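# Architecture at a glance
Here is how the chains run, residue by residue.
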Amino acid sequence: MSELLRRFLPPYRTKALVGVVCKVVEVVFDLLTPMVVASMIDVGVGNRDMGYVMRMGGVLVVFALVGYAFTCVCQRLAANVSQGMGTAIRSTLYAHIMELDTPEVDRFGTPSLITRLTGDVNNVQVAVAMGVRMLVRWPFIAVGSIVAALLIDVRLGVVFLVCTPAIALVFAFVMMRSVPLYGAIQTKLDTLARLVRESLEGVRVIRAFGRESFETKRFDVAADDQADTSIAVGKLSASLNPATFIIMNLGVVAILWSGSFRIDAGSLTQGELVAFVNYMTQLLISIGYVANLVVIFMRGSTSATRIMEVLDTQPQIVDGPLGWSDLARMSRDAPVAGDAGAARPVSQLVLPATPDLPALTFDHVSFSYGKGAPALHDVSFALAQGATLGIIGGTGSGKSTLAQLAVRLYDPSEGSISLGNIDITQYELAMLRIAVSMVPQKASLISGTIRDNLRWRNPAASDDELWEALTYAEAADFVREKADGLDEPVEAGSSNFSGGQRQRLTIARALVGSPRVVVFDDSASALDYATDARLRASLKRLPAHPTIVLISQRVASVMGADQILVLDHGNMVGLGTHRELLESCPVYREICLSQLRPEEVGV
Ligand SMILES: Nc1ncnc2c1ncn2[C@@H]1O[C@H](COP(=O)(O)OP(=O)(O)OP(=O)(O)O)[C@@H](O)[C@H]1O
Ligand SMILES: [Mg+2]
């Protein structure tokens, strides 16, 4: 919590401080009130002086009004500080999550990141608001009541001094037991968020398979588990109030009992005893509030730790030293086309293609997601500028992993990948991702319009460019048929488009901005054979002649490629043209014969 406050409180420090000072003023008036009441009783009632009673009554009204005014200012400032800080934390956290690497996002899990962004930030926000409003008030009143009581009568004040450590013990016990439970509650909320997300995303499939009751039961189990932990914490914190109230009420009994003897003996006035009981009551109430504050702070502090965990995670996949300015300089210095120099490859990213240098090279690349067998093992190939590489392999053979490595969503565990003879880790990430475009296997669009979605790679792209990309992606026809064309809304989850339409829109998106390399990760899987064939033909006509990596489960899609890479359980079991592989690669031959007739295969 302290780390989070150090980072986000400074802009609001003055407001928080003024808020706290207002609270102190309010508390001082609260503490003076019993003294005024005491003198009302002792002087006013004792001497039957109605005028005095009325004057003191007036003083009490003034105290209340002044206290109220300061409370209002404090509440307002507390709301300002907590909302402002909450918004700043949320925005910073969101921006940081956007910068995190794919492996880090995998590690936290999307649902947990969502809970941290929403629930956890909210817990911190509440803790900050209560901090400004209450942190000073109740401890101050508690301590002030004890001091005021001791000032009235030291011997009776001893009762306060005995009660306080007893209550502190109760607090310590409850806190020790509840802190770990708060962490557990947040983790269980993550699980709930994950289940809700999974079920809502797959709601149609769940219905189609009649799995509603199974999913509901799965959710109920997780919800009950979370509720049990919350109830356990609730019971613990609920025990705070009765335990402290018993101690304090015993204290009140002790005060009344021994106070009565002191009044009889004449060493204490009735007004002082009433003031004493008033202070005891204030102490009682303040301890009740402190108990609630402790709960709020414990929850806030657990949430702050979870937020800091994300903020402290630094992305490992970071920019390389080569930026746009280096690119421009190297382009200027570039040797003439056809002369393979070390500096030129970078210029290939923006200059017309020079076919003699490999555009994309994988050099003994291996990658592992963590424990278990590597998802990709010792993969090597060199792809000429403008050439097409087909990748085929069974499910789970590492195709998508390879695609993600090419745009640095992950970095290889071993080996290296280069673009135009320069290791891709040397480029600035934004530049690399402008040069290498990927169409992910799962077509995802964001809510907005078709135009918004197509402009991801180039926010300034003109409508003509977008239509051109749509035409090459075989998507222009259906977009033209939409009532609003490029302005057609894309609903959340892009549910107003068919799977094939979604795929073609993501292909068009990848083609905007003339990438040098385009990686298609099984992105024609939802297209019929005729559209798939037309799409491949039109990709060949792309004016910028990008290098193409075409991942597919269909032999027909890859057999025309310049080279075909065959993956099997992460291993590269073949690399060559369709003809060569038919001869040399049994896995490829088997895949071909399982999908096509022998005459189509060409055996
Ligand atoms: N984020 C991940 N975390 C852990 N393991 C993963 C992750 N993504 C993929 N894997 C594992 O890596 C292996 C390769 O997965 P990959 O997605 O690359 O296969 P694929 O060839 O694209 O399969 P498909 O044809 O079904 O799309 C699989 O065994 C998979 O379980
Ligand atoms: Mg895949």
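Treat the numbers as computed from the prediction; the structure is a model and nothing was measured. (Residues numbered from 1 in each chain as written. Chains lettered and ligands numbered in written order. Predicted model: local features only at pLDDT ≥ 70, side-chain atom pairs only at ≥ 80, totals over all residues. Heavy atoms only, no water.)

Of the voids in this model, the second largest pocket is the one considered here, and its volume is about 280 Å³. Every residue lining the second largest pocket is counted, 14 residues in all, and those nearest its centre are Thr388, Arg536, Leu539, Lys540 and Ile548. For the lining of the second largest pocket, the element with the highest residue contribution is helix H19 (residues 529-540), accounting for three residues. Of the residues assigned to the lining of the second largest pocket, the class counts are six nonpolar, five polar and three charged. (1 Å grid on protein atoms, 1.4 Å probe; cavity = no way out; pocket = protein on both sides within 12 Å on 5 of 7 lines; lining within 4 Å. Points joined across faces, edges and corners; volume = space filled by probe spheres on them. Helix = DSSP H or I, 4+ residues; strand = E, 2+ residues; numbered from the N terminus. Nonpolar A, V, L, I, M, F, W, Y, C, P; charged D, E, K, R; others polar.)

Before going further, it helps to spend a moment on the packing of helix H7 (residues 154-201) against helix H9 (residues 212-265). Relative to each other, H7 and H9 sit at 170 degrees, their axes nearing to 9 Å. Taken together, H7 and H9 sit at an angle that is classed as roughly antiparallel. Tallied by class, the residues present in the contact of H7 with H9 amount to 29 nonpolar, 11 polar and eight charged. (Axes fitted to C-alpha atoms, helices over the stretch in contact; angles between N-to-C directions. Parallel < 35°, antiparallel > 145°, perpendicular 65-115°, else oblique.)

Below, the discussion takes up the pairing of strand E3 (residues 388-393). Counting buried residues along E3, six of its six residues qualify, which places the element largely inside the surrounding structure. Side chains Thr388, Gly390 and Ile392 of E3 all project onto a buried face; the interleaved residues Leu389, Ile391 and Gly393 project onto the opposite face, where all are buried too. Direction of pairing for E3 relative to strand E10 (residues 547-551): parallel, over a ladder of four bridges. Counterpart to Thr388 in the pairing with E10 is Ile548. Note that E3 and strand E11 (residues 563-568) share five bridges and pair parallel. The residue of E11 that forms the bridge with Ile391 is Leu565. (Buried < 20%, exposed > 50% of the residue type's maximum accessible area, 1.4 Å probe, protein only. Pairing = 2+ DSSP bridges.)

The subject of this paragraph is the site of ligand 1. Looking at ligand 1, there are 14 residues lining it, with Gly396, Lys399, Ser400, Thr401 and Gln441 nearest. The backbone of Ser397 places a nitrogen or oxygen atom 3.1 Å from an oxygen atom of ligand 1. Between ligand 1 and Gln553 there is a distance of 2.8 Å, counted from an oxygen atom to a side-chain nitrogen or oxygen. Summarising the interface, the protein chains cover 60% of the accessible area of ligand 1, which totals 630 Å² for the free molecule. Per-element tally for the shell around ligand 1: the top contributor is helix H13 (residues 399-406), with three residues. Of the residues belonging to the shell around ligand 1, the class tally is three nonpolar, nine polar and two charged. (Near = heavy atom within 4 Å. Polar contact = N/O pair within 3.5 Å; in protein donor to acceptor, adjacent residues only side chain to side chain. Areas by Shrake-Rupley, 256 points an atom, 1.4 Å probe, with all protein chains shown as cover.)

Moving on, we get to the coordination of the magnesium ion (ligand 2). Protein coordination at the magnesium ion (ligand 2) comes from Ser400 (OG) and Gln441 (OE1), with a distance range of 1.9 to 2.2 Å. Of this pair, Ser400 sits in helix H13 while Gln441 sits in the loop between strand E6 (436-439) and strand E7 (448-449), placing them 41 residues apart in sequence. We classify Gln441 as partly exposed; its relative accessible area is 41%. (Donors = N, O, S within 2.8 Å, 3.2 Å for Na, K, Ca; no water.)

This brings us to the nonpolar core. Counting residues in each nonpolar core, the largest one holds 44 residues, and the members touching the most others are Phe160, Phe171, Met248, Ile255, Met280 and Leu283. Per element, the largest residue contribution to this core is 14 residues, and it comes from helix H10 (residues 270-311). Aside from chain neighbours lying at most four places away, what touches Met280 is Val159, Phe160, Cys163, Met248, Gly251, Val252 and Ile255. Membership of the second largest hydrophobic core comes to 33 residues, among which are Phe362, Ala403, Leu419 and Leu565. (Core = buried A, V, L, I, M, F, W, Y, C linked by side-chain atoms within 4.5 Å. Contact = heavy atoms within 4.5 Å.)

Counted according to the given criterion, the structure contains 22 salt bridges. Across the pair Glu309 and Arg116 runs a salt bridge whose closest N-O atoms are separated by 2.8 Å. A residue pair is termed long-range when its members are at least 10 positions apart, and Glu309 in helix H10 and Arg116 in helix H5 (residues 110-135) qualify at 193 residues. Arg306 serves as the salt-bridge partner of Asp120, at 2.7 Å between the closest nitrogen and oxygen. Of this pair, Asp120 sits in helix H5 while Arg306 sits in helix H10, placing them 186 residues apart in sequence. Among the charged side chains, a salt-bridge network with shared partners connects Lys23, Glu26, Asp30 and Arg137. (Salt bridge = Lys/Arg side-chain N within 4 Å of Asp/Glu carboxyl O.)

What follows concerns empty space enclosed by the protein. All told, the structure shown has two cavities of 30 Å³ or more when counted by the stated rule. Empty space within the largest cavity amounts to approximately 110 Å³. Lining the largest cavity are 14 residues, with Ser523, Ala524, Asp532, Leu550 and Ile551 sitting closest to its centre. At the level of elements, H19 and E10 are the ones that each hand at least two residues to the lining of the largest cavity. Here the lining of the largest cavity is composed, by residue class, of six nonpolar, four polar and four charged.

Bringing a nonpolar patch on the surface into the picture now. Side chains of Val28, Leu32 and Phe140 sit close together on the surface and give an oily, nonpolar patch of about 220 Å² of accessible area. If you trace the backbone, Leu32 turns up in helix H2 (residues 13-45). (Patch = residues over 30% accessible without salt bridge, like charges linked within 9 Å, V, L, I, M, F, W, Y side chains within 5 Å.)

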